[in-house]
Amino acid sequence: EDMRFRTKIYGPSGKRSPIASLRFAAACLFLPIRQFDVIETANIPYTHIIPLAIRCRLAGKPLIITWHEYWGAYWRTYVGPVKAPLFAALEWITAQLGHFVTAVSSLTANRLRARRLGAPDVPIVPCGIPLERIHAAMAGAERDRATLVYAGRLMPEKRLDLVIASLLRTARSSPILKIIGDGPDRPRLEALVSQLGLNDRVRFVGRLESPDEVWREIACARIAVQPSSREGFGMFPLEAL
């Protein structure tokens, strides 16, 4: 591991840091790619794809890019109208790169097919989960039948405010909502919980250190909730199943 390029992924706002993306791209300039037959990478955070594509071309190595999401117009909401054209252009450019591309869902695949020039074929390779490890993590977990659970980044598009407000329509004794994860929307959600008088019925667990801890918390709940307005795939519902 090259320590020169290590940095925090998220900035003060809780969003991914552009500096971290650029440092990751710089690190890709030093990867020893010649010793491998094939190079595969996720599309996020985009900037690293350009140096990887150039190096793979020079080394004669095929580059496979796995796309988890294609945002397009959503950049305007995420970074604002001023920065959105730059980020959208970078995403479009990287969508043209790679010897092969795959997508984790039909939604992302269709968006890519509409934007890739000359190579519209985008096979779908769905995400998978380690079932044996999940079963081991949930062994012995006691299910609380009055608990709802959410796990993931706390972002406005996850619409957790809808779940929190829905608790007003349930009996006071149940259910309890357990929110696992962190993100820029947490202060707003915590304020909403206090405003609605639901401090005793909503628990912010925060970010857990390992996936095994998350899976055990999920196993203890009765219902997993995912009210998100947009997802590239959605690993949490799959793990909850």
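Now for a look at the structure at hand. (Residues numbered from 1 in each chain as written. Predicted model: local features only at pLDDT ≥ 70, side-chain atom pairs only at ≥ 80, totals over all residues. Heavy atoms only, no water.)

**Some words on the pattern of salt bridges**
Part 1 of the argument: The tally for this structure, following the rule as stated, stands at 6 salt bridges.
Part 2 of the argument: D212 serves as the salt-bridge partner of R133, at 2.6 Å between the closest nitrogen and oxygen. Taken together, the residues R133 in helix α6 (residues 131-138) and D212 in helix α9 (residues 211-220) connect sequence positions 79 residues apart.
Part 3 of the argument: The partner of E217 in a salt bridge is K178, with the nearest N and O atoms 2.9 Å apart. (Salt bridge = Lys/Arg side-chain N within 4 Å of Asp/Glu carboxyl O. Helix = DSSP H or I, 4+ residues; strand = E, 2+ residues; numbered from the N terminus.)

**Structural notes on the sheet that holds strand β7 (residues 223-224)**
Part 1 of the argument: Strand order in this open sheet of 4 strands is β6-β5-β4-β7, and the pairing throughout is parallel. Edge positions in the open sheet fall to β6 (202-206) and β7, since each of these has one partner strand only.
Part 2 of the argument: In this sheet, strand β5 (residues 176-180) lies alongside strand β4 (residues 147-151) in parallel orientation, the contact comprising 5 bridges. Bridging across to β5, A151 finds its partner in I180. (Pairing = 2+ DSSP bridges.)

**Focus on the sheet that holds strand β2 (residues 63-67)**
Part 1 of the argument: The 3 strands lie next to each other as β1-β2-β3, forming an open sheet whose pairing is parallel. Only two strands of the sheet have a single neighbouring strand rather than two, namely β1 (39-42) and β3 (100-103). Ignoring which end each strand starts from, the neighbouring axes of this sheet average 20° apart.
Part 2 of the argument: Pairing of β1 with β2 involves 4 bridges; the strand directions are parallel. Considered in β2, the bridge of A42 is made with T66. (Axes fitted to C-alpha atoms, helices over the stretch in contact; angles between N-to-C directions.)

**What about a nonpolar patch on the surface?**
Part 1 of the argument: On the surface, I50, I54, L58, W92, I93 and L117 cluster together to form a nonpolar patch covering roughly 600 Å² of accessible area.
Part 2 of the argument: Those elements that provide at least two residues to the nonpolar patch are α2 (49-59) and α4 (84-95).
Part 3 of the argument: The leading source of residues in the nonpolar patch is α2, at 3 residues.
Part 4 of the argument: Examined against the element boundaries, I93 turns out to sit in helix α4. (Patch = residues over 30% accessible without salt bridge, like charges linked within 9 Å, V, L, I, M, F, W, Y side chains within 5 Å. Areas by Shrake-Rupley, 256 points an atom, 1.4 Å probe, with all protein chains shown as cover.)

**Regarding the environment of H48**
Part 1 of the argument: Mapping H48 onto the fold places it in the loop between β1 and α2.
Part 2 of the argument: In this structure the C-alpha to C-alpha distance between H48 and C28, which are 20 residues apart in sequence, comes to 6.5 Å.
Part 3 of the argument: Setting aside residues up to four positions removed in sequence, H48 forms contacts with F24, A25, C28, T41, A42 and N43.
Part 4 of the argument: Within the structure, H48 has its side chain in polar contact with the side chain of T41 (distance 2.8 Å). (Contact = heavy atoms within 4.5 Å. Polar contact = N/O pair within 3.5 Å; in protein donor to acceptor, adjacent residues only side chain to side chain.)

**Notes on the packing of aromatic side chains**
Part 1 of the argument: With the rule as written, the count across this model stands at 10 aromatic pairs.
Part 2 of the argument: For the pair Y46 and W75, a centre-to-centre distance of 5.7 Å together with 65° between the ring planes defines the contact as edge-to-face. One end of the pair, Y46, is in the loop between β1 and α2; the other, W75, is in helix α3 (residues 75-79), with 29 residues separating them in the sequence. Each member of the pair, Y46 as well as W75, carries the same accessibility label: buried.
Part 3 of the argument: By the ring-pair criterion, three or more aromatic residues cluster together here, those being Y46, W67, Y70, W71, Y74, W75, Y78 and F87. (Phe/Tyr/Trp six-rings, centres within 6.5 Å; stacked < 30°, edge-to-face > 60°. Buried < 20%, exposed > 50% of the residue type's maximum accessible area, 1.4 Å probe, protein only.)

Spatial relationships are all this shows, so hold off on functional conclusions.
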